[in-house]
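# Structural characterization, general
Chain by chain, the residues run as shown.
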Amino acid sequence: MNRWAVFALVVAVSQAPAEAKELRSIPEVLALSRQDAERAHPVRLTTTISLYTPDGYLCFAQQDGIGIYLHTTRPMAIRTGDLVEVTGVSRSGGFAPIVEITAVRVLGHPGLPVYRQVDKEELGEEAGENTLVQLDARIVNVWENEQIRTPSDKWVFEAEIEGRRFLIRFAHGDITEPEPYLNAMVHIRGVLGSETNGRGQRSGRTLFVNHTSDVTILKPSPIDWDKHPISKIRSIM
């Protein structure tokens with residue numbers, strides 16, 4: 001082999017892409033830029049499932065107070081509150097990096113971490129994205145979801161806390177009579193997520209609620225819904 005062939009071999013080896021480092025924590029995944037996340041970095045997380053629906057449409061996980069969205073296209077044998085080992089690859093997601101699941105293994109069922117109390121200001125911050133939160137708010141709008149995936153997804157609520165509004169979507173449970181919630185003060189527990197536009201920017205907040213029982217009425221609405229059915233009145237604003 002002549003010296004030019006040796007030089008070409010050395011250059012080719014030096015330019016070969018290094019094997020991607022496996023990401024082992026949620027902060028490592030979230031630290032990726034949008035472009036870098038789309039390169040499908042290998043991911044292996046030990047984390048708690050904070051919210052899951054069997055159709056795979058919603059799946060969130062939380063690790064040491066930091067949350068992330070997990071994407072899957074098939075049902076998984078997991079439930080909310082499971083401690084799992086997730087393997088997959090990074091993706092850019094609609095607003096922040098996510099994990100596309102290739103396999104999941106249940107390690108136990110310790111239940112959910114503590115819900116963190118948040119206020120109006122924290123609803124506007126990115127720090128609490130995809131984490132379990134709780135807050136008190138007033139329901140100002142109720143409407144039927146035009147793209148129902150499950151019975152629990154039939155109704156969408158809009159709530160307000162000191163002038164800041166956000167949506168409420170349900171993963172489980174069935175609300176047959178939404179009228180009592182409209183204009184009522186409620187206590188809500190769920191995963192704080194976001195609505196996004198086509199440019200990967202956050203356009204609003206959504207609280208993904210595990211079960212309809214996680215919305216508790218604190219102060220009933222003063223409106224007599226027998227006289228004003230929700231089919232005619234869907235907003236008090």
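Here goes a summary of the coordinates provided. (Residues numbered from 1 in each chain as written. Predicted model: local features only at pLDDT ≥ 70, side-chain atom pairs only at ≥ 80, totals over all residues. Heavy atoms only, no water.)

This part covers the overall build of the chain. Within the chain, the regular secondary structure consists of four helices and 12 strands. Counting only residues that meet the buried cut, the chain has 45% of its 237 residues in that class. In the chain, the share of contacts with a sequence separation of at least 24, taken over all contacts with a separation of at least 6, comes to 61%. Of the accessible surface of the chain, which amounts to about 12600 Å², a share of 51% is contributed by carbon and sulfur atoms. (Helix = DSSP H or I, 4+ residues; strand = E, 2+ residues; numbered from the N terminus. Buried < 20%, exposed > 50% of the residue type's maximum accessible area, 1.4 Å probe, protein only. Contact = heavy atoms within 4.5 Å. Areas by Shrake-Rupley, 256 points an atom, 1.4 Å probe, with all protein chains shown as cover.)

What follows is about the layout of surface pockets. Within this model, the largest pocket holds a volume of roughly 470 Å³. It is strand 10 (residues 185-196) that provides the largest number of residues to the lining of the largest pocket, a total of four residues. When grouped by side-chain class, the residues that make up the lining of the largest pocket number nine nonpolar, seven polar and five charged. (1 Å grid on protein atoms, 1.4 Å probe; cavity = no way out; pocket = protein on both sides within 12 Å on 5 of 7 lines; lining within 4 Å. Points joined across faces, edges and corners; volume = space filled by probe spheres on them. Nonpolar A, V, L, I, M, F, W, Y, C, P; charged D, E, K, R; others polar.)

By size, the foremost hydrophobic cluster in this structure holds 24 residues, and its most contacted members are Ile139, Phe157, Phe166, Ile168, Ile188 and Leu207. If you list the elements that add at least two residues to this core, you get strand 7 (131-144), strand 8 (155-161), strand 9 (164-172), strand 10 and strand 11 (202-211). Broken down by element, the residue count for this core peaks at five residues, all from strand 7. Apart from the residues lying within four places of it in its own chain, the contact partners of Ile188 are Val133, Gln134, Leu135, Ala137, Ala159, Phe166, Ile168, Leu207, Val209, Asp214 and Val215. Core analysis: the next-biggest nonpolar cluster, separate from the first, contains 19 residues, Leu32, Tyr52, Cys59 and Ile78 among them. (Core = buried A, V, L, I, M, F, W, Y, C linked by side-chain atoms within 4.5 Å.)

Think of a ball as big as a water molecule: rolled over the atoms, this probe shows where empty space is left. Under the criterion given, the structure shown has two cavities of 30 Å³ or more. When its volume is computed, the largest cavity comes out at roughly 80 Å³. Residue lining of the largest cavity: 12 residues in total, with Thr53, Tyr57, Leu58, Asp153 and Phe170 positioned closest to the centre. With three residues, strand 9 is the single largest residue contributor to the lining of the largest cavity. Residues belonging to the lining of the largest cavity are distributed by class as follows: five nonpolar, three polar and four charged.

As a further point, take the environment of Ser203. Tracing the backbone through its elements, the reader meets Ser203 in strand 11. Here the alpha-carbon distance between Ser203 and Phe95, two residues 108 residues apart in the chain, equals 9.6 Å.

This part covers the pairing of strand 10. Here strand 7 runs beside strand 10; their pairing, made up of eight bridges, is antiparallel. Along strand 10, the bridge assignment pairs Ala137 with Val186. In this structure, strand 10 lies alongside strand 12 (residues 215-219), joined through four bridges in antiparallel fashion. Residue pairing in the sheet places Met185 in a bridge with Lys219 of strand 12. (Pairing = 2+ DSSP bridges.)

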